Amino acid sequence: MDLPAADSPSSALDSPAWDCRDEGARRTVDLSGDWIARRHAVPAAAIEAIGAVPGLSSLGFQTDRIGAWDSGLLVFVAQLRRDADRRGVALDETGLPPSARRLLALLPRQPPPDASVPPRRSPRLILGTWALSLWAEEKAVARILGETILRSGAAVRGQARMRGADLLTALQDAGASALGIVIVVNLLMGGILAFVGAVQLRRFGADIYVADLVGIAVVREIAALITAVVMSGRTGGAYAAQIATMLGNEEIDALRAVGIPLHDYLILPRILALVLMMPLLYLYGAAAGIFGGFLVAVAMLNLPSTTFLSHLQTAVAGSQILFGLGKSVAFGGVIAIIGCRIGLSAGRSASDVGQAATRAVVAGIVAVIALDAVCAVCANALRF
Amino acid sequence: MSSAPQTEVKIAVEGLAFGYGSTPIQHDVSFTVPAGSIFAIMGGSGCGKSTLLKALIGLLRPSAGTMRVRGEDYWAVSDARREQIGRRCGVLFQSGALWSSMSIADNVALPLRMFTTLSAPEIDRLVRLKLDLVGLTAPGEMMPSDLSGGMRKRVGLARAMALDPDILFLDEPSAGLDPIGARRLDDLILDLRDGFGSTIVMVSHELPSLFAICDSGIFLSADTNTAIAIGAPRDLRDQCADPTVHAFMNRETPKSESAPGNGGPK
């Protein structure tokens, strides 16, 4: 068997070279040197020049002097063969090493088809496609929302086909595991708010009202919003990534094939977990935020602690806590639905999982802030 | 198919032991792979075939023993040298392991871009050649997710051959392929060995492939945690006295087991 010489990294390699010998209308290409693809490549123009002789009828090879070779030789001969076919010149491969001929036989003689170039799309088409996909997406989200409402009723009656263990894991993940970061972030936000607020209020000699500012802002807006943003990044992204990975591993297909309702098994525990845990996290977050404000007010602004507390008591009404609680429930639902929906509509590759997680986080945060804005406008209109 | 006439030894493994963490999987594994031959790593499911392959391609440090690749002690040399040796080896993973964010042409081109100084058109020509060699007529712009399992494997093989390695490691190359596809892949592996003179180490339990193309092999056992037979798969089928090997190679239920199909070969 004739094999190319072993190419050890230390061995010196010659450049590939060739001489052309013409005998009438036949040209013989005498190959020498080492034809190692990763070391030397022969320019396409040089290959084309070999066959570009007027009146040529056949091309042959002589390879007595050839050294080591690998795909470098094959690329050269394959290109020569395509050229020869194009010019109607017969290519005589008998002079090539038998093993190279065996590999050449595997190569198609026709150049590969070009990838079909997608036709240019008109702006109307793009806009229409976009609108249709948006509409389809809205329908899918509405469907999940509807199913959740219907199936939660069943879940309360104990009729949903949901594993209790899944719900508990989801509850722990969206609740206790997230508590630490929610408290830290809210504590810092409360402190920052107290500090920034006090600097402004002091100009009017009203720094006593820092308790009102921190209390109302934290309870009405900041605690719910910040907690939702944290949970969107932490849990919404995780939901999308988990479900997208399951999709890639065909786990979702397996659930569908067995006939297990996806919604009950996958989505409901996640949505329930976030909807149930978000208000609790909100309460902890609000307490932490107020405590942060209290620390800054007492330690850095020298406000008496009793003053802070008494102002807080009069400023923050129970209805405001209810307003914040209600919003946090809605935020939890939005984050969970977006995470699950984006996970389910992801592609099946590894990069799709990353994209799904990113999209879920971004969409979750945007949706939560938009919803908060709507709530603020509505509350204002209702003079609440 | 007789083995290649060379006597040069590409891979020599001596007393290799490996496992995950403190769990030993195999010990005292020794074999040699002559240049230009096709070597099979055989054994039932879960016996450590793929783990041995991991050790051979440098992903898992063995806990004992030596492994020489082209005469160099693979695990004793520096990391940089090991990387250099690894570049002369190509690996086809079980499910192709294509990089999903890249087109199939980019998958094959990446090693060439990283480790050669070839120009872009030259790389394109080499990539097309490799895809043509494995019989993939699809345009290179396709993404791995658009391909069937068999096509992914072909692209994986094209990527493994990107740098014209002199040793090819194949993890279950024909698993999951239909009989015609598996046969074509067998022929392709033979063509590549004969054409490029590559040495091929493959993990497989596809009996027809083993008998058709492998010159020699090693049989690992999950019960004894070591190799229980070494030799050409055909010889093991016809001559091996070990009941497990005999049952595996002949697709029978081991005589020692009363319940049929219990832990037997797949």
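Residues numbered from 1 in each chain as written. Chains lettered and ligands numbered in written order. Predicted model: local features only at pLDDT ≥ 70, side-chain atom pairs only at ≥ 80, totals over all residues.

Concerning the overall build of chain B
Secondary structure summary: chain B contains 9 helices and 10 strands in total. Along the longest, intermediate and shortest principal axes, the C-alpha atoms of chain B span 60 × 40 × 40 Å. With 266 residues in all, chain B has 45% of them scored as buried. Across chain B, every contact between residues at least 6 apart in sequence was considered, and the portion connecting residues at least 24 apart equals 64%. (Helix = DSSP H or I, 4+ residues; strand = E, 2+ residues; numbered from the N terminus. Buried ≥ 20, exposed ≤ 12 C-beta atoms within 10 Å, placed from the backbone. Contact = placed C-beta atoms within 7 Å.)

Digging into the domain arrangement of chain A
For chain A, the domain assignment lists domain 1 (17-104) and domain 2 (149-381). A separation of 69 Å is found between the C-alpha centroids of domain 1 of chain A and domain 2 of chain A. (Domains from an automatic or database assignment.)

Some details on the UniProt feature "transmembrane region" (unreviewed entry) in chain A
Per the UniProt record, "transmembrane region" (unreviewed entry) is annotated on residues 178-199, 280-301, 321-344 and 356-382 of chain A. As annotated, residues 178-199 of chain A has a helix share of 100% and a strand share of 0%, and its two end C-alpha atoms lie 32 Å apart. (UniProt positions renumbered as here; feature names shortened; annotations may be inferred.)

Quick notes on the nonpolar core
Here is a general trend for soluble globular proteins: nonpolar side chains tend to be buried in one another's company. I41, V108, A158, F169 and V201 of chain B are the most contacted members of the largest nonpolar core, which has 98 residues in total. Per element, the largest residue contribution to this core is 8 residues, and it comes from helix α2 (residues 71-87) of chain A. Leaving out residues up to four positions away in the same chain, V108 of chain B has contacts with V127, K130, L131, V155, A158, R159 and A162 of chain B. The next biggest cluster of nonpolar side chains, apart from the first, holds 69 residues, and it includes I252, L268, A297 and F308 of chain A. (Core = buried A, V, L, I, M, F, W, Y, C linked by C-beta atoms within 7 Å.)

A short note on the environment of H40 of chain A
Counting through the fold element by element, H40 of chain A comes out in the loop between β2 (26-35) and α1 (44-51). For the pair H40 of chain A and P16 of chain A, spaced 24 residues apart in sequence, the C-alpha to C-alpha distance is 7.2 Å.

Side note on the pairing of strand β7 (residues 167-171) of chain B
Residue and element names in this part refer to chain B. Buried residues dominate β7, accounting for 5 of its 5 residues. Along β7, one buried face is formed by I167, F169 and D171 and the opposite face, lined by L168 and L170, is buried too. In the sheet, β7 pairs with strand β8 (residues 199-203) via 5 bridges, with the strands oriented parallel. Opposite F169, over in β8, you have V201 as the bridge partner. In the classification by handedness, the crossover that spans β7, the intervening helix α6 (residues 179-196) and the parallel β8 is right-handed. (Pairing = 2+ DSSP bridges. Right-handed = clockwise from strand over helix to strand, strands pointing away.)

A short note on the sheet that holds strand β1 (residues 17-23) of chain A
Residues and elements named next belong to chain A. In spatial order, the strands read β1-β2-β3-β4; together these 4 strands make up an open sheet with mixed pairing. With one partner strand each, in any of the chains shown, β1 and β4 (90-91) form the two edges of the open sheet. Sheet topology note: the β1/β2 ladder contains 7 bridges and is antiparallel. Bridge pairing links D22 to R27 in β2. Along the sheet, α2 makes contact with β2, β3 (58-69) and β4, crossing β3 at roughly 175°. (Axes fitted to C-alpha atoms, helices over the stretch in contact; angles between N-to-C directions.)

A word on unusual backbone geometry
At N302 of chain A, a residue that is not glycine, the phi angle is positive and equals roughly 55°. Locating N302 of chain A in the fold gives a position in the loop between α9 (262-299) and α10 (305-315). One non-glycine residue, N225 of chain B, adopts positive backbone phi at about 55°. In this fold, N225 of chain B is placed in the loop between β9 (216-220) and β10 (227-230). Exposure remark for N225 of chain B: the 18 C-beta atoms within 10 Å place this residue in the partly exposed category.

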